Amino acid sequence: MYHSEYPVHQIQQIIQAEGITPSPNTLIRTLAFDSRKLVDEAYTLFFALSGRRDGEAYIQEAYTKGLRNFVVSHQFNNAGSFPDANFLLVGNPLRALQMLATEHRRHFHNPVMAITGSNGKTIVKEWLYQLLGHDKRIVRSPKSYNSQIGVPLSVWNIGEEHELAIIEAGISLKGEMDSLASIIQPTIGVLTNIGDAHNEGFASKEEKLNEKLKLFAHVDLFIFSPKYTRDVHCPGKRQFSWAFNQPADLCIIRQDDNPDNGTTLTALFKEQEITCRLPFRDAASLENVVCCWAVLLALDYHPHTVVQWLEKLHTVNMRMELKKGIHNCSVIDDSYSLDLSSLSIALDFLNQQKQHPRKTLILSDIPETGIPSKALYQQLAELLRSKQVDRLIGVGDEISAFSSLFPLEKQFYKNTQALISAISDISLNDEAILLKGARKFEFEHISKILTQKVHETVLEINLSALEANLNHYKAKLKPGVKLMAMVKAFSYGSGSYEIANILQFNRVDYLAVAYADEGVSLRQAGITLPIMVMNPDVDGFETMIENNLEPEIYSLRVMRSFLNALSSADRSHYPVHIKLDTGMHRLGFAPQEIETLLTLIAQDNRVTVKSAFSHLTSSEDNSSDNFTRQQIDLFSAITRKLESVLGYSIIKHIANTSAISRLPEAQFDMVRLGIGLYGIDSSHSPDKSPLDTVARLVTCVSQIKELRQGETVGYNRRGVMRHDGKVATVKIGYADGYDRKLGNGTGQMIINGHLVPTIGSICMDMCMLDITGVPVEEGDEVVVFDDRHTVTHIARQLETIPYEILTGISQRVKRVYYYE
């Protein structure tokens, strides 16, 4: 993990910085930009990047955690508050990070492979790491570190012990590749494909291709498919091409399905036919495999050896999954690959889980890294100390041999089977458990034991997509505007504390729930953010006060009751939120009631008005904009009066998800983000939405039946076969939230890429699909909704709204949370 050391004074020269450096000889070996994810604090250089948040605002937090070395902008004028810290002042801290990585790259003289493309970059990188790792010590980009920040951090990890570096590069705008190319300085270039991803940042697909090809301008070897490079000049002193059924150095001439759901590819290379049996059938995987095949042949590996390696490829699990475990545990399953960089990322996710008092890491031996074993496990011990892991369960001979290095609660086992045999004797209760193992240790067997049996219908929640959506809306906010995230109704069906943990980690300012018991559950799960309760029950005021939950006050009756509750609890200056009715006519104080409200509370020290807010009726509908602006004007007038009489400023908020997108004048002091977090915004066209899909509902095929024309399916014989064909019974019904109105062909699901209709009535626990003519086997995955067959589409079929679909998914449907 620590591959280089530079003294502060040398870094100052490299990034051309002014310096306030009381300790110029301090050695730097770790780079950071996120104060929440720190390790190796004494040797870390923190870059205070500006963007959605001002990195300089987190210097105090980083300093408190032990950091003493910072790169800041010239405008930073608070170095005197940290007299023992080194400060390097530059024009642009991000550019300084890139300059440092560029200089570090110049000291590495072995090959550097760069990978870019629209899709498949990370999969191809991970497969090449598997394949070339047979005979080389390799460093690669962690996860999907391919951005203007991720690339320099990846290059920083290159060390003298590495024989090859594989670096992934991604862009979304014209002009971005120049800086990445200068940092990576690749000698080998791999172009995966050119598709539609990030098209919005370019005038045309040709412009996007030319931008990506800048990465390879000076490479010695360029591997590509002519399918994606028509009519352009390809770079590289030497070129190697691959293709399906068109002339290329490696040409796939035949593709045959295998009985085991795999594929046999027959290729032509140097006028010789080569066959390769692969454990994949989908088109994307096969294309990525052929790209890897071409890379190995271009690097002069023997064709027979390459085939042997390819046939042993295994699926790359790009997801870190959070599941409910046995004995009230949460299990984070990241058990398919292991190195210190990816372990550090996984430990950061472990630290987000505030619902448990203990953190346990189950870890295997770390594969060959080129670092001497003792030094490697010393670095590991320091990492676990920094990430505050409570217990280590080690698996493997090597980690066991260095058990004395770990000053924490610990247990060690010779292999995975030994741990499984002893697992019933290990106390695992009410804790967050991270599984992190090298592939050969097969930790998936441990995962099955530690996780609760999954109802085979699963709602998958993509936390990476949720974060991306959160950041999309944050980018629309004016400086200083706060963000309240709505987590009511089980976070729109997605799960309460799991989503709240992510929002707290990403520093939203407020959470909002519908009822007090939802807020109590969040407090019990370790959520410390302020929480507004939107439908407070008078009988629940005592519980709210005990848990520091802040009520919405929408009537004089509720205000008087809450004041009485505060007197009983002997509390003063308790924060409340005043709901104003500006046109929704649901809850809230009407304009004529404001005088009475102010008379009641203006001189009462039992409460402090934290905020005043209202609901827009039609923020997504431009035909109602005149009424919306009337609401905004009325809200402004009432809140001005409130502040004038109260004598202090309050937070004002009226904008919901669609208003954030459409009405910047409605932002005031805070906005409320709800279903937009989950990728749904009524102000966007579903076909052109900039949001990522967060939720994916999947089930599986239980049984397949062959039926004749005229035979009937389901209760009351409502489904009638109009032809000879096949019917699949799948494990989802109306008790899971799949509406009965979706029966008899109204609803559709996706199996193996094919959209198939329901047939017959929807049953309580299952329903039937007409799969005639579609290749389907029992046990196949069935997609109820995802980014192709969307929640919005299903809502339209039912003449309802996406909210109802998401919140209607039953609690018996297992939620699985994952990071990509």
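Residues numbered from 1 in each chain as written. Predicted model: local features only at pLDDT ≥ 70, side-chain atom pairs only at ≥ 80, totals over all residues. Heavy atoms only, no water.

A. Local environment of the overall build of the protein. Looking only at helices and strands, the protein features 25 helices and 40 strands. For the protein, the C-alpha radius of gyration of 29 Å lies close to 28 Å, the compact-globule estimate for 820 residues. Along the longest, intermediate and shortest principal axes, the C-alpha atoms of the protein span 90 × 85 × 60 Å. Taking all 820 residues of the protein together, 58% fall into the buried category. Long-range contacts, defined as pairs at least 24 residues apart, comprise 64% of the intrachain contacts of the protein with a sequence gap of at least 6. Separation between the mean location of the 83 positive side-chain charges and that of the 96 negative ones in the protein comes to 1 Å. (Helix = DSSP H or I, 4+ residues; strand = E, 2+ residues; numbered from the N terminus. Rg over C-alpha atoms; globule rule 2.2 N^0.38 Å. Buried < 20%, exposed > 50% of the residue type's maximum accessible area, 1.4 Å probe, protein only. Contact = heavy atoms within 4.5 Å. Lys, Arg positive; Asp, Glu negative; His and termini not counted. Charge placed at Lys NZ, Arg CZ, Asp CG, Glu CD.)

B. Up close: helix α11 (residues 373-386). With 14 residues, α11 ought to run about 20 Å at 1.5 Å a step, and its terminal C-alpha atoms sit 20 Å apart, in line with that. Of the residues making up α11, those classed as buried are L376, Y377, Q379, L380, A381, L383, L384 and S386. Among the residues trailing α11, Q388 stands out with phi positive, at a value near 60°. (Expected span 1.5 Å × (residues − 1).)

C. Seen up close, the layout of surface pockets. The calculated volume of the second largest pocket comes to roughly 840 Å³. Looking at the lining of the second largest pocket, the elements that each hand over two or more residues are α4 (121-132) and β9 (138-140). Looking at the lining of the second largest pocket element by element, the count peaks at four residues for α4. Considering only residue class, the lining of the second largest pocket consists of twelve nonpolar, eleven polar and twelve charged. (1 Å grid on protein atoms, 1.4 Å probe; cavity = no way out; pocket = protein on both sides within 12 Å on 5 of 7 lines; lining within 4 Å. Points joined across faces, edges and corners; volume = space filled by probe spheres on them. Nonpolar A, V, L, I, M, F, W, Y, C, P; charged D, E, K, R; others polar.)

D. Molecular detail of the side chain of S285. Within the fold, S285 resides in helix α8 (residues 283-298). Residue S285 is classed as buried on the basis of its relative accessible area, which comes to 15%. With sequence-adjacent residues up to four places away left out, S285 is seen in contact with W127 and F280.

E. Spotlight on the state of the cysteines. A full pass over the atoms with the stated rule returns zero disulfides. Just so you know, C276 is unpaired, no disulfide at all, and the nearest cysteine sulfur is the one on C292, 11 Å from it. You can see C292 has no disulfide; the closest cysteine sulfur is in C291, sitting 5.7 Å from it. Using a relative accessible area of 0% as the deciding quantity, one classes C292 as buried. (Disulfide = S-S within 2.5 Å.)

F. Up close: the nonpolar core. Counting residues in hydrophobic clusters, the biggest one holds 149 residues, and the most contacted among them are L343, L380, L503, L511, I578 and F785. Ranked by the residues each element gives to this core, the list is headed by helix α20 (residues 556-569), at seven residues. (Core = buried A, V, L, I, M, F, W, Y, C linked by side-chain atoms within 4.5 Å.)

G. Here's a closer look at the pattern of salt bridges. Within this structure, the stated rule accounts for 45 salt bridges. When the shortest N-O distance is used, the salt bridge between K65 and E61 registers 3.2 Å. Residue K65 is classed as partly exposed on the basis of its relative accessible area of 39%. (Salt bridge = Lys/Arg side-chain N within 4 Å of Asp/Glu carboxyl O.)

H. How the structure looks around the sheet that holds strand β31 (residues 670-673). With respect to topology, eight strands assemble into a closed barrel ordered β24-β25-β26-β27-β28-β29-β30-β31, the strand pairing being parallel. Put simply, the sheet's adjacent strands are angled 30° from each other on average, direction ignored. Bridge count between strand β25 (residues 510-513) and strand β26 (residues 531-533): three bridges; the pairing is parallel. Residue pairing in the sheet places L511 in a bridge with I531 of β26. Strand contacts of helix α22 (residues 625-646): β28 (574-580), β29 (607-614) and β30 (651-655), with the helix running at about 170° to β30, the strand carrying the most contacts. (Pairing = 2+ DSSP bridges. Axes fitted to C-alpha atoms, helices over the stretch in contact; angles between N-to-C directions.)

I. Expanded view of the packing of aromatic side chains. In the structure shown here, the tally under the stated rule is 18 aromatic pairs. Between F240 and F269 the ring centres are 6.1 Å apart and the planes differ by 45°, which places this aromatic pair in the tilted class. Placement of F240 in strand β13 (residues 238-244) and of F269 in strand β15 (residues 263-269) is noted, with a sequence separation of 29 residues between them. Between F441 and F443, the ring centres sit 6.4 Å apart and the planes meet at 75°, which makes this aromatic pair edge-to-face. For the residue pair F441 and F443, the accessibility class agrees, reading buried in each case. (Phe/Tyr/Trp six-rings, centres within 6.5 Å; stacked < 30°, edge-to-face > 60°.)

J. Region of interest: the sheet that holds strand β4 (residues 30-32). In spatial order, the strands read β2-β7-β6-β5-β4; together these five strands make up an open sheet with mixed pairing. In this open sheet, the two edge strands, each paired with only one partner strand, are β2 (18-20) and β4. Within this sheet the neighbouring strands show an average axis-to-axis angle of 20°, counted without direction. Of the pairings in the sheet, the one linking β2 to strand β7 (residues 86-90) comprises three bridges and is antiparallel in character. Its bridge partner lying in β7, E18 is registered against L89.

K. Representation of the packing of α8 against helix α9 (residues 303-310). Orientation of α8 relative to α9, taken along the N-to-C sense of each, is 145°, at an axis distance of 10 Å. Here α8 runs over α9; the crossing is right-handed. Judged by residue contacts, V289, W293, L296 and L297 of α8 engage P303, V306, V307, W309 and L310 from α9. Its residues placed into classes, the contact of α8 with α9 shows nine nonpolar, no polar and no charged. (Left-handed = near helix turned anticlockwise from the far one by under 90°.)

L. Broad picture of the pairing of β15. Within β15, six of the seven residues are buried, which leaves the element mostly enclosed by the surrounding structure. Across seven bridges, the pairing between strand β14 (residues 250-257) and β15 is antiparallel. Pairing of I252 across the sheet is with A267, part of β15. Connecting β14 to the antiparallel partner β15 that follows it, the hairpin turn spans five residues, and N261 within it adopts a positive phi of roughly 70°. Pairing analysis gives seven bridges linking β15 to strand β16 (residues 272-278), with the strands arranged antiparallel.

M. Seen up close, unusual backbone geometry. One non-glycine residue with positive phi stands out, namely Q388, at about 60°. For Q388, a relative accessible area of 57% corresponds to the exposed category. Positioned with a positive phi, D570 is a non-glycine residue whose angle comes to about 55°. Mapping D570 onto the fold places it in the loop between α20 and β28. The exposure class of D570 is exposed, given its relative accessible area of 70%.

N. View of the pairing of β28. With six of its seven residues buried, β28 lies for the most part within the structure. Inspection of the sheet shows strand β27 (residues 549-553) paired to β28 by two bridges, in the parallel sense. Residue pairing for β28: I553 is matched across the bridge by I578. In the classification by handedness, the crossover that spans β27, the intervening α20 and the parallel β28 is right-handed. Bridge count between β28 and β29: seven bridges; the pairing is parallel. Looking across to β29, one finds that P575 is bridged to T608. For the crossover that starts at β28, traverses helix α21 (residues 594-601) and ends in the parallel β29, the hand is right-handed. (Right-handed = clockwise from strand over helix to strand, strands pointing away.)

O. A look at helix α6 (residues 177-184). α6 sits mainly inside the fold: six of its eight residues count as buried. Buried residues of α6: M177, S179, L180, A181, I183 and I184, and no others. Considering only its buried residues, α6 is in contact with α3 (93-105), β8 (112-116), α5 (150-156), β10 (164-168) and α7 (205-213). Immediately beyond the C-terminal end of α6, within one or two residues, lies Q185, with a positive phi of roughly 50°.

P. Fine view of the packing of α21 against α22. Following both chains from N to C, one finds α21 and α22 inclined at 25°, their axes separated by 11 Å at the closest point. Judged by the inter-axis angle, α21 sits roughly parallel to α22. Judged by the sense of rotation from one axis to the other, the crossing of α21 with α22 is right-handed. Residues I594, E595, L598 and I601 of α21 touch α22, and the partners they reach there are I638, K641, L642, V645 and L646. Across the contact of α21 with α22, the residue classes tally to seven nonpolar, no polar and two charged. (Parallel < 35°, antiparallel > 145°, perpendicular 65-115°, else oblique.)

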